[in-house]
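# Architecture at a glance
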Amino acid sequence: MTAKTRLAGVFAHPVHHSLSPAMHNAAFSALGLDWAYLPFDVHPDNLEDAVSGIRALGLAGVNVTIPHKERVIPFLDSISDEARAIGSVNTIVNEGGRLVGYSTDGEGFMRSLIAAGGTPGRTVILGAGGSARAIVYALGHAGASVSVANRTPERAVELCRTVNSALGSAVAEPARLSLDLVREAELIVNCTSVGMYPSVDEQPVPAEWLHPGLFVYDLIYNPAETALIRSAREAGARAVNGVGMLVAQGAVSFALWTGIEPPVDVMEQAVLAAL
Ligand code: NAP
């Protein structure tokens, strides 16, 4: 690194599990860019100071992740329409001292869904947390009709109200998870943490409800093959894990900072090696 090296990074708490430094640094190296990506463990009490530090230190931009994605918004100069609609920012771009917030999760999900051969048709979203909000917005924007089933039904109702009002049409509706709902679906997206390591035997939909006409997208990537993915494949359905979305949302952030589309295969290899 020299005085000319451009710096990006990630604000998280904790940060030690983040795969983003490996992913972005691999892409900088592959493109021969004099950039570096650093992990910053930012305690929630220090978030405002850390954001000021982006300006003070001249960072090109950062990712923000758990637990900062919502709380960071008041500290920014502006945010994209999508970030405002879903109330979440995962990427900050430093435009000459003006800090602009974006959410790249929805676009990352859509890019990886299409790359894996999925289509945004009749969709059941499992979960109503931060990732579900970004994905329902992106799917609704792409013209899909989306049913949202969540353990806490009120959160699904609230999510649908927020997204429908942001998009100005009734794309999303809250639903109770049932055999009929799954039978009619073309796409199921698991936006819950059910099945994540160490609870690897749990799955958010009964295996016997899955059918060959489904595309199952599990946002979880640890383990690489969740119980849901395994039962989907056994039922003859296509199924993918969350590595593709992780890489694609990173690629969208990378392009926002550098103006260059990164090599996603290099980023994916770096993620798989780090996992
Ligand atoms: P979040 O905002 O905390 O939401 C968690 C969701 O999971 C909520 O809907 C919650 O339901 C539900 N849930 C948790 N435990 C449950 C259980 N035992 N039974 C049923 N539902 C349960 O989390 P998030 O940020 O949306 O992340 C969700 C998952 O996606 C995590 O596994 C995360 O690692 C993964 N993710 C992956 C990527 C990627 O790039 N691949 C990106 C973001 C997130 P309640 O509302 O009832 O609590």
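Notes on the structure follow. (Residues numbered from 1 in each chain as written. Predicted model: local features only at pLDDT ≥ 70, side-chain atom pairs only at ≥ 80, totals over all residues. Heavy atoms only, no water.)

### Quick word on the site of the ligand
Filter applied, for reference: A cutoff of 4 Å decides nearness: a residue is near a molecule or strand if any of its heavy atoms lies inside that distance of it. Any N or O atom pair separated by 3.5 Å or less is treated as a polar contact, with the protein-specific requirement of one donor-capable and one acceptor-capable atom, and with residues adjacent in sequence counted only for side-chain atom pairs. The protein chains shown are the only cover counted for residues, whose accessible areas, like all others here, come from Shrake-Rupley with a 1.4 Å probe. Only runs of H or I of at least four residues qualify as helices and only runs of E of at least two qualify as strands under DSSP, and these elements are numbered from the N terminus. Side-chain classes follow a simple rule in which Ala, Val, Leu, Ile, Met, Phe, Trp, Tyr, Cys and Pro form the nonpolar group, Asp, Glu, Lys and Arg form the charged group, and the remainder, Gly included, forms the polar group.
The environment of the ligand is formed by 20 residues, the closest being Ala128, Ser131, Asn150, Thr152 and Arg155. With respect to the ligand, the side chain of Arg151 contributes an N or O atom lying 2.9 Å from an oxygen atom. Leu219 is positioned with one of its backbone polar atoms (N or O) 3.0 Å from a nitrogen atom of the ligand. Across the complex, the protein chains shield 72% of the 930 Å² of accessible surface that the ligand would expose by itself. At the level of secondary structure, the elements contributing two or more residues to the shell around the ligand comprise helix H5 (130-141) and helix H9 (243-258). Residue composition of the shell around the ligand, by class: nine nonpolar, nine polar and two charged.

### What to know about the sheet that holds strand E2 (residues 35-41)
Two orientations exist for strands paired in a sheet by backbone hydrogen bonds: parallel and antiparallel. Let me state the cut-off plainly: Any two strands are treated as partners once DSSP identifies two or more bridges connecting them. By definition in these notes, contact holds between two residues if any of their heavy atoms fall within 4.5 Å. Axis lines are fitted through C-alpha atoms, for helices just across the contact stretch, and the angle between N-to-C directions can take any value from 0 to 180 degrees.
Overall, mixed pairing links the six strands, which are arranged E2-E1-E3-E5-E6-E4 in an open sheet. Lying at the two open borders of the sheet, with one neighbouring strand each, are E2 and strand E4 (78-79). Summarising the sheet, E4 and strand E6 (residues 98-102) pair through two bridges and their orientation is parallel. For Ser78, the partnering residue across the bridge sits in E6 and is Val100. Along the sheet face, helix H1 (residues 20-31) touches strand E1 (6-12), E2 and strand E3 (61-64) and points at about 170 degrees away from the line of E2. Packed onto the sheet, helix H2 (residues 47-57) meets E1, E3, strand E5 (91-95) and E6 and runs at close to 170 degrees relative to E1.

### Some points on the pairing of E2
To be explicit about the condition: Clockwise travel from the first strand over the helix to the second, with the strands pointing away from the viewer, marks a crossover as right-handed.
Bridge count between E1 and E2: seven bridges; the pairing is parallel. Within E2, the residue paired with Ala8 across the bridge is Tyr37. The parallel pair E1 and E2, bridged by H1, forms a crossover whose chirality is right-handed.

### Observations concerning the sheet that holds strand E8 (residues 146-149)
Read across the sheet, six strands follow the order E9-E8-E7-E10-E11-E12 without closing on themselves; strand pairing throughout is parallel. Each edge of the open sheet is held by one strand with a lone partner, namely strand E9 (172-174) and strand E12 (238-240). Here the average twist between neighbouring strands, direction ignored, is 20 degrees. Sheet topology note: the strand E10 (residues 187-190)/strand E11 (residues 215-218) ladder contains four bridges and is parallel. Opposite Val189, over in E11, you have Tyr217 as the bridge partner. Its contacts with the sheet put H5 on strand E7 (123-126), E8, E9 and E10, and the angle it makes with E7 is roughly 165 degrees.

### Quick word on the pattern of salt bridges
Using the following cut-off: Salt bridge, as used here, is a side-chain nitrogen of Lys or Arg placed within 4 Å of a carboxyl oxygen of Asp or Glu. Only protein chains enter the accessibility calculation, which uses a 1.4 Å probe. A residue is then buried if its area is under 20% of the maximum for its type, exposed if over 50%, and partly exposed in between.
The full count for this structure, using the stated rule, is 11 salt bridges. When the shortest N-O distance is used, the salt bridge between Glu225 and Arg230 registers 3.8 Å. A relative accessible area of 34% places Arg230 in the partly exposed class. Here Glu225 ties to Arg233 by a salt bridge, and the two come within 3.1 Å at their closest N and O atoms. Accessibility expressed as a relative area gives 34% for Glu225, which makes it partly exposed. Each of the salt bridges in this network shares a partner with another, and the network as a whole consists of Glu107, Arg111 and Glu261.

### Looking at the side chain of Ser103
Tracing the chain through its elements places Ser103 in the loop between E6 and helix H4 (105-115). The exposure class of Ser103 is buried, given its relative accessible area of 6%.

### Notes on the packing of aromatic side chains
Stated formally: Pairing of aromatic rings covers Phe, Tyr and Trp, the last through its six-membered ring, and needs centres within 6.5 Å; plane angles under 30 degrees mean stacked, over 60 mean edge-to-face, and all others mean tilted. Charges are assigned to positions over rings by a cutoff of 6 Å between ring centre and Lys NZ or Arg CZ, combined with an angular limit of 35 degrees from the ring normal.
The tally for this structure, following the rule as stated, stands at five aromatic pairs. A centroid spacing of 6.0 Å and a plane angle of 50 degrees characterise the contact between Tyr37 and Trp257, whose relative ring orientation is tilted. Of this pair, Tyr37 sits in strand E2 while Trp257 is found in helix H9, placing the two residues 220 residues apart along the sequence. Residue Tyr37 shares its accessibility class with Trp257, and that shared class is buried. Taken together, Phe28, Trp35 and Phe254 form an aromatic cluster joined through their ring pairs. The ring of Trp35 is capped by Arg6, whose NZ or CZ atom sits 5.2 Å from the centre of that ring.

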